[in-house]
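# Structural features, examined
As a plain string of letters, each chain reads:
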Amino acid sequence: MKKVILVIFIFLNILLAQDDIVITEAYARATPPNVKNSAIFMKITNNSQKAIALIDAKSSVSKIVEIHTNVKENGITKMIKMQKLEIEPNSTSILAPKQNHIMLIDIAKQLVDGDSIDLTLIFDNDKTIKIEKIPVVKKIL
Ligand SMILES: [Cu+2]
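Position numbers for residues count from 1 along each chain, tracking the sequence in the order it is written. Restriction of local features to residues with pLDDT of at least 70 applies here, the model being predicted, together with a cutoff of 80 or more for giving and counting side-chain atom pairs; totals for whole chains, interfaces and linings are based on all residues.

## Quick look at the environment of Met 42
Selection criterion: In DSSP terms, a helix is any run of H or I states spanning at least four residues, a strand is any run of E spanning at least two, and both are numbered starting from the N terminus. Residues are scored as being in contact if the C-beta atoms we place from backbone atoms lie within 7 Å.
Positionally, Met 42 belongs in strand 2 (residues 37-46). Measuring from C-alpha to C-alpha, the distance between Met 42 and Ile 134 comes to 9.8 Å, with 92 residues separating the pair along the chain. Not counting the four nearest positions on each side in its chain, Met 42 is found in contact with Ile 23, Thr 24, Glu 25, Ala 26 and Leu 95.

In C-alpha cells:
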C-alpha cells in the first residue's frame, strides 16, 4: 500500500512539475556604442490547454520594455507596440529578428557580446517568469 501511495505521489509531482510556459533559446542583441535600443528574442512554449498571453516585460537594463511586432505599411517595415502577445494552447510562439520581439528602449549601457541581462515576463494567467541571464549576442541581421 505504501508503495502505491508513493507511486501516486511521484506521478502527481511530475504532472505539477510540467511548466505551462517554457522559455527557450533566449538572447539579446548586442548594441553598437551610443545605440540606445535593443531587442530580445526567444521561443515561448505554452504547454497548457488554454491560450496564454504575454502582457508585460521588465528588465533592469532599460526603463522601457515593450512587446513589439513588425508591420509592413506602404512597403516600409516598422515596429509597433502590442498590448499582448497571445500564445495558442500547445504551441510555440517565436520571437525573432524582423518579427515579434521584446524591445528594450533607452538602455542604460551598451550591451556587449558575452554580457548577460535579466528579463521578467508577465503573463495574463498571473504567472511571472524571471530569467536571470539572457546572453547578449552579436548577430548580423
Ligand atoms: Cu521593436
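Past the structure itself, the notes keep going.
## Some words on the pairing of strand 5 (residues 76-82)
As a reminder of what qualifies: We call a residue exposed when 12 or fewer other C-beta atoms sit within 10 Å of its C-beta, buried when the count reaches 20 or more, and partly exposed for counts in between; the C-beta positions come from the backbone. A strand pair is defined by DSSP finding two or more bridges across the two strands.
Among the seven residues in strand 5, zero count as buried, and that is only a small part of the element. Where strand 4 (residues 62-73) meets strand 5, seven bridges bridge the pair, whose relative direction is antiparallel. If you follow Val 71 over to strand 5, its bridge partner there is Lys 78. Hairpin remark: strand 4 followed by strand 5, antiparallel, with two residues in the connecting loop; positive phi at Asn 74, about 50°.

## Things to note about unusual backbone geometry
Residue Asn 74 is not a glycine yet carries a positive backbone phi of 50°. Along the chain, the position of Asn 74 falls in the loop between strand 4 and strand 5. Positive phi, normally seen in glycine, also occurs at Lys 98, with a value near 70°. By the element assignment, Lys 98 lies in the loop between strand 7 (91-95) and strand 8 (101-107). Accessibility expressed as a C-beta count within 10 Å gives 9 for Lys 98, which makes it exposed.

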